[in-house]
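Residue-level structural notes
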Amino acid sequence: MRHLIIGNGAAGNAAAHAIRRRDPSSEITIVSDEPHAAYYRPLLPYLLHDAPEGRHLFRDSLHLPRDVTVQLGARVQAVVPDEGRIDLDDGRVLAYDRLLIATGASPSLPPIDGVPGPGSFVLRTLDDAVTLKASMAAAGPSSRAVIVGGGRIGTKVALGLRHLGMAVTIVEMLQWIVPQQLDAAAAEIFQEALQSQGIEMIFGRTVRAVRRQDGRVRGVILDDGLELAADLVVMATGVRPNAEIARTAGLATRRGILVNRFLQTSHPHIYAAGDVVETTDIVTGEPIVSGTWTNAVFMGEVAGENMAGGSREYPGAWGLLNAVELAGIPVISAGLVHPPLEGYDVRMRRRERAYRKLVFRGGTLVGFILVGEVEGAGVYTAIIRERVDISPWKEALVEKSTCAPFVRTLRRFPEVYAA
Amino acid sequence: MKHIFVRLDRCTGCRECELACAVEHSASKELLTAIFETPPPRKRLYVESGDGRSVPILCRHCDDAPCLAACLSGAIYRDRAREGVVVQRADKCIGCWTCIMVCPYGVIGRRLDGGRWVAAKCDRCPDRAIPACVEACPTKALVYAEPEEWARMARRTVATTLAGQEG
Amino acid sequence: MERSLDIASRTMLEVAQRRGITTVWDRFQAQQPQCGFGLTGLCCRMCLQGPCRIDPFGEGPRTGTCGASADTIVARNLARMIAAGTASHSGHAKHLAYTMLKASRGEAPDYPVKDEAKLRAVATRLGIPLDGKETQTLMGDVAAAALAEFSEKETPLAWAATTVTPGRVQTFLKYGVVPTSIDGVVAEVMHRTTYGTDADPVNILLGGVKCALADYAGMHMATDLADILFGVPKPVVARANLGVLKADAVNIALHGHNPVLSDVIVQVASEMQEEARAAGAAGGLNLVGICCTGNEVLMRHGIPPATHSVSQELAILTGVLDAMVVDYQCIMPSLANVAECYHTRIVTTMPISKIPGARHVEFREGHARASAREIIRLAIDAYGRRDPAKVNIPDHTSTALAGFSSETILGALAAVNKEDPLKPLIDNIVSGNILGVCLFAGCNNVRVTQDSGFLTLAKELARENVLLLATGCGAGAYARHGLLTSDAAREYAGPGLAEVLGAVGQAVGLDSSLPLILHMGSCVDNTRAADVAVAVANKLGVDLDKLPVVASAPEATTEKAIAIGTWAVAAGLPVHVGVVPPVLGGPMVTKVLTEEVKDLFGGYFIVEPDPKAAAKKLVEAIRERRSGLGI
């Protein structure tokens with residue numbers, strides 16, 4: 001069996017392991033358009049200010065199983081499902097028995113006059129990071145940066161640039177920082193921290209244009225006409241699945257590649273996993289494109305197992321599954337954190353720089369935000385996913401994330417406990 | 001591979017296991033000096049209150065460990081030389097807390113290591129033949145055994161109970 | 001870790017192993033690991049809303065349910081330990097006082113005054129006029145004064161106020177730690193440490209100091225009254241260790257504390273030798289001592305000490321101990337279990353101190369000699385039931401020179417300088433022949449290899465020319481290892497110390513020097529050492545906190561030891577403890593006890609389990625005092 005994987009990211013690597021576990025002798029080839037060995041994309045923002053976390057950017061020797069051929073710097077021009085082959089842009093042709101499309105996503109840019117262009121940057125790949133870093137060095141520490149988009153990436157980049165002494169302003173379309181992962185109360189905690197570091201934030205505005213003079217960025221113009229002085233602009237406005245080759249190959253796509261519960265595309269021999277996939281939200285059942293490393297790893301595992309003859313079902317991705325530390329404050333959030341007003345029981349606790357919010361629907365937990373005191377967050381994640389009825393312990397769980405009341409009902413290794 | 005099993009009816013909630021775990025993971029490995037260390041040593045297991053009884057919550061070193069899959073920097077790995085326990089290299093931990101986010105038992109914590117915050121996770125006490133928590137338990141609620149041994153013990157207990165109920 | 005440095009103990013431990021008899025060492029192992037919350041002092045059981053614990057690593061609760069902080073909890077627990085120690089020593093003193101009172105009324109004819117001079121001296125010191133009174137009357141007055149110390153009154157405890165330096169009185173007044181009633185201050189500690197009362201750790205500690213000063217008063221009373229009733233100790237030689245048990249005699253061990261019991265048994269035993277021989281024991285009656293009461297009868301009658309403290313069970317394993325007669329304190333309940341494997345009768349004698357499995361013969365002071373005879377007969381009777389197969393007397397004894405009451409010491413110094421006995425002592429301290437003085441006190445502790453702390457420290461300090469005094473089971477350790485001898489002085493004393501011990505020894509007519517260490521008696525007799533220090537301080541015109549005098553309890557075990565350590569600190573001494581007390585969970589309390597208390601009382605605790613390191617710290621403390629005095 002010849003397995004071919006397009007994409008050398010989290011999903012592709014996890015799939016390779018899953019295939020090899022199930023099928024020790026099959027051929028596995030990975031094709032990636034990036035020239036670099038596999039790296040941890042989430043660590044890219046740390047490179048900007050040479051943070052120690054950035055040292056571990058490249059994955060170690062165990063990230064792939066044995067006997068995997070990796071073709072770096074090879075862009076796929078076309079997938080030909082009927083003939084079981086892909087065409088590379090350097091003219092080579094690779095045949096397969098099973099194909100995994102794990103091409104990830106690319107930065108999605110809103111319509112802004114002057115973007116893309118010199119002085120405006122994105123941060124998706126290692127090359128993006130290298131380019132941005134070089135420009136920052138050239139611009140010098142007294143320059144001013146505008147970050148468009150105050151999500152995780154935008155906030156991390158803002159902190160990184162501020163660390164180097166640049167004047168930084170975040171322009172966020174919604175009403176608070178990291179709006180997908182945080183609610184207003186949680187965001188307030190971070191905003192205080194960012195403000196105390198001198199980062200300016202503008203909410204409820206978008207950027208209309210980037211103004212240049214002599215080929216250099218001078219400012220950005222907001223939708224209300226206000227101009228902010230800027231020497232460089234970083235676009236952190238989200239990503240779009242790289243589903244083009246699937247589309248042109250005639251596979252079913254919408255925002256991302258559509259898959260069944262086995263992560264098969266509309267062609268039985270072609271699977272998809274990771275940021276390129278449109279799947280369902282494990283909590284709400286709504287269609288989502290998931291953009292997290294953890295989701296990608298799990299999808300890759302399931303897809304790989306099924307490519308190698310398994311029939312594992314993928315339960316859906318987490319629309320929100322986030323762990324991050326910003327300005328020294330850890331925050332973990334997952335599931336549904338902005339519930340509709342009806343039908344949900346929302347409970348919150350605020351203590352100084354710690355904040356907890358749990359969202360219940362009936363007797364099950366559907367979402368949570370933990371700021372500051374994040375230990376035990378995984379218990380919440382587990383009971384959301386496993387839909388454990390925790391009605392008797394709701395209040396207790398709001399105070400403390402503990403699996404003690406129901407530890408024997410958790411799936412893994414229940415026989416550890418004898419009554 | 002041996003695991004730590006729990007006889008819940010014997011747990012008195014005394015928390016000696018937590019103390020012993022912290023002491024084992026201190027610099028001095030002696031209680032009366034460990035309590036003065038900075039940073040303070042961190043326990044990796046938790047005695048919690050569950051439904052009116054005390055329940056020790058420990059790392060299971062899962063076969064399909066979610067923390068292992070989730071770790072972004074490769075800090076968490078499976079040590080084949082030690083029967084496959086899931087352990088962590090602190091120097092590779094970047095403090096992203098993804099492991100905390102996915103551990104269903106909530107047994108991963110945060111600790112200071114050389115000035116950085118990193119994950120704190122059970123390592124099954126590499127310097128000991130028997131984990132510190134097991135040795136510390138005054139009622140032997142924690143049992144260090146192979147799963148077959150444990151199953152045998154459980155069967156014997158059930159059989160004894162049943163036998164006691166007969167006639 | 002080795003269990004004991006004492007060869008006799010080790011021999012008996014092998015016997016225990018062979019016979020499958022569990023000893024304190026086995027039971028200690030079975031207790032491991034011991035509770036970390038208890039070890040750090042962070043467990044509170046003062047009310048039914050507990051038991052509470054505080055996490056010493058800072059993650060769990062930081063206060064108890066009522067809000068008590070770690071320091072509050074630690075201080076309360078420590079204060080209660082002091083109260084228990086005080087109650088013990090002063091219970092012993094009270095027993096003597098009652099006996100004396102009864103005797104003064106003719107109700108206890110077996111307790112005549114043995115030393116009238118001491119009676120008069122104590123009365124005078126207390127301000128009781130002599131007025132040509134009959135001995136019996138004066139005895140009654142002193143007994144009444146003693147008992148008054150236990151009741152509610154408004155005057156400071158006489159036994160403390162009249163025995164310490166004026167400087168100490170001022171200091172104690174300044175910090176509000178002058179006790180007026182012994183039982184009153186014990187009750188006060190119990191009150192202030194109960195739920196919702198004193199929560200200020202320093203206030204609690206000062207309350208503990210006040211109680212410890214009452215402990216000092218009670219101990220001094222016990223020593224004084226025992227001297228009056230049984231005699232002031234004079235130099236005496238005996239053999240020490242288990243080898244003093246005899247195969248051909250009825251062996252009776254006296255264990256516990258109060259000479260009210262043990263001294264009478266010794267007196268009566270001398271009249272019952274024939275009875276014992278008639279029962280088949282060619283060697284007659286052989287009395288030996290264990291623990292403090294052993295020290296009391298050693299000091300006054302030369303009764304040989306068999307063993308002490310942690311090795312008390314081992315005496316039974318010799319197979320020749322026919323009876324062990326006990327009163328109270330430091331008596332392990334396991335003795336009854338160990339005795340089950342042998343013929344030994346454990347005889348309890350006090351209404352408040354019974355042991356399951358032991359034989360209880362209530363000792364009545366009104367019929368003391370009759371009670372004693374009854375008890376001795378139990379032993380003679382048991383003699384016939386010895387199992388020869390179980391006889392195993394380790395052939396180890398050492399010579400021990402004891403009997404160094406303060407009167408003996410001053411008497412010895414008077415032999416060097418009749419007009420001014422303290423002068424030779426002071427001169428030699430000033431010259432540096434004697435660097436300073438160290439009083440060794442306290443118990444053995446099963447955590448520490450038996451006697452290892454005492455021996456190492458004594459040898460280190462002796463080499464540095466520190467004059468060594470010892471009491472209690474510490475003195476017992478030295479007795480069993482031959483350090484209460486002039487040979488030991490020759491071997492271990494630094495040159496200056498050797499010279500002084502030699503000179504004084506010659507002056508009193510010994511053909512060699514004084515022993516390396518001066519055995520001053522039982523634990524209550526620590527006050528004998530205090531008297532010498534007070535005399536020196538008064539002579540020099542400085543307070544106790546200026547003297548190059550230190551104390552050490554390298555293997556402390558009991559609550560009594562904590563009480564003594566506390567009053568020694570309050571008295572102004574640097575006090576070494578070799579076993580960590582349960583205070584480290586309270587960082588403020590720990591700091592107060594080891595540092596800040598120095599600013600108040602001049603004394604402080606040195607907690608140091610390593611005896612060599614402890615020796616260095618004690619020498620440093622002595623040197624600091626010397627430079628303070630400009631010597």
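Along each chain, numbering runs from 1 in the same order as the chain's sequence is written. The naming scheme follows written order: chains are lettered A onward, ligands numbered 1 onward. For a predicted model such as this one, the threshold for reporting local features is a pLDDT of at least 70, and the threshold for listing and counting side-chain atom pairs is 80 or more; totals across whole chains, interfaces and linings nevertheless cover every residue. The side-chain values count all of the structure's non-hydrogen atoms but skip hydrogen atoms and water molecules.

A separate point is the nonpolar core. Formed by 191 residues in total, the largest nonpolar core has its most connected members in Y111(C), V142(C), L225(C), L285(C), F440(C), L461(C) and Y478(C). Broken down by element, the residue count for this core peaks at 17 residues, all from helix α10 (residues 201-230) of chain C. Here, nonpolar core means buried Ala, Val, Leu, Ile, Met, Phe, Trp, Tyr and Cys residues that are tied together by side-chain atoms lying within 4.5 Å of each other. Throughout, exposure labels follow a simple rule: accessible area from a 1.4 Å probe, protein chains only, divided by the maximum for the residue type, with under 20% read as buried, over 50% as exposed, and the rest as partly exposed. Counting residues in each nonpolar core, the second largest holds 99 residues, with A10(A), Y39(A), L88(A) and A145(A) among its members. Only DSSP runs of H or I with at least four residues qualify as helices, and only runs of E with at least two residues qualify as strands; both kinds are numbered from the N terminus onward.

Let us look at the interface of chain B and chain C. With 18 residues of chain B at the interface, the matching set in chain C holds 15 residues. Note on definitions: buried area is the accessible-area loss of two parts on being combined, 1.4 Å probe, summed for both. Counting each side, the surface lost to burial between chain B and chain C is near 1400 Å², with a carbon and sulfur contribution of 69%. When the area that chain B buries against chain C is broken down by residue, the three leading residues are L19(B), L32(B) and I35(B), summing to 36%. Definition of a polar contact: a pair of N or O atoms within 3.5 Å, with one able to donate and the other able to accept a hydrogen when the atoms are protein atoms, and with sequence-neighbouring residues admitted only if both atoms are side-chain atoms. For the interface between chain B and chain C, the tally reads three residue pairs in polar contact (both at pLDDT 80 or more). When residues of the side of chain B that touches chain C are assigned to their parent elements, the largest contribution, four residues, is made by helix α1 (residues 16-24) of chain B. Residue type decides the class: Asp, Glu, Lys and Arg count as charged, Ala, Val, Leu, Ile, Met, Phe, Trp, Tyr, Cys and Pro as nonpolar, and the leftover types, Gly among them, as polar. Counted by class, the side of chain B that touches chain C contains 12 nonpolar, one polar and five charged residues. Contacts: residue pairs with any heavy atoms within 4.5 Å of one another.

With that settled, the discussion passes to the domain arrangement of chain A. Accessible area lost when the parts come together is the quantity often used to give the size of an interface. All names here are of chain A. The domain architecture assigned to chain A consists of domain 1 (2-41 + 57-106 + 240-307), domain 2 (120-237) and domain 3 (321-409). Taking the mean C-alpha position of each, domain 2 and domain 3 sit 30 Å from one another. Taken together, the contact between domain 2 and domain 3 spans 19 residues of the former and 19 residues of the latter. Overall, the association of domain 2 and domain 3 removes approximately 1500 Å² of surface from exposure, summing both partners, and the carbon and sulfur fraction of that is 69%. Counting the surface domain 2 buries against domain 3, the share from its top three residues, D183, I189 and F190, is 38%. Throughout this description, the term salt bridge denotes a Lys or Arg side-chain nitrogen within 4 Å of a carboxyl oxygen of Asp or Glu. Inspection of the region where domain 2 meets domain 3 yields two salt bridges. Note that K357 and D183 form a salt bridge whose closest N and O atoms lie 2.8 Å from each other. Between domain 2 and domain 3 we count six residue pairs in polar contact (both at pLDDT 80 or more) in total. Domain boundaries shown here were taken from an automatic or database domain assignment.

Moving on: the arrangement of the chains. Ranked by contact count, the leading pair among the two pairs of chains in contact consists of chains A and B. Separating chain A from chain C is a minimum C-alpha gap of 12 Å, and the two share no contact.

This part is about the confidence of the model for chain B. All names here are of chain B. Of all residues in chain B, 98% attain a pLDDT of 70 or more, and the chain-wide mean is 90. One number per residue, pLDDT, summarises how confident the predictor is, and it ranges from 0 to 100. Helix α6 (residues 147-165) is the least confidently modelled element of chain B, averaging 78 in pLDDT, while α1 averages 96, the highest of any element. The ipTM value of the predicted complex is 0.91, and its pTM value is 0.81.

Within 6.5 Å between ring centres, the rings of Phe, Tyr and Trp (the latter by its six-membered ring) count as paired, and their orientation is classed by plane angle as stacked under 30 degrees, edge-to-face over 60, tilted in between. If you walk through the whole model with that rule in mind, you get 13 aromatic pairs over all chains. With 5.3 Å between their ring centres and 45° between their planes, Y40(A) and W293(A) make a pair best called tilted. One end of the pair, Y40(A), is in the loop between β2 (27-32) and α2 (44-48); the other, W293(A), is in helix α7 (residues 293-307), and 253 residues separate them in sequence. For the residue pair Y40(A) and W293(A), the accessibility class agrees, reading buried in each case. When the centroid spacing of 5.6 Å and the interplanar angle of 45° are considered together, the rings of W393(A) and F406(A) count as tilted. Taken as a pair, W393(A) in the loop between α8 (377-386) and α9 (394-399) and F406(A) in the loop between α9 and β27 (417-418) lie far apart in primary sequence, 13 residues in all. A network of ring pairs unites the aromatic residues F172(C), Y175(C) and F601(C) as a single cluster. Lying over the aromatic face of Y105(B), R60(B) brings its terminal NZ or CZ to 4.0 Å of the ring centre. Two conditions define a charge located above a ring, namely a distance within 6 Å from the ring centre to NZ of Lys or CZ of Arg, and an angle within 35 degrees of the ring normal.

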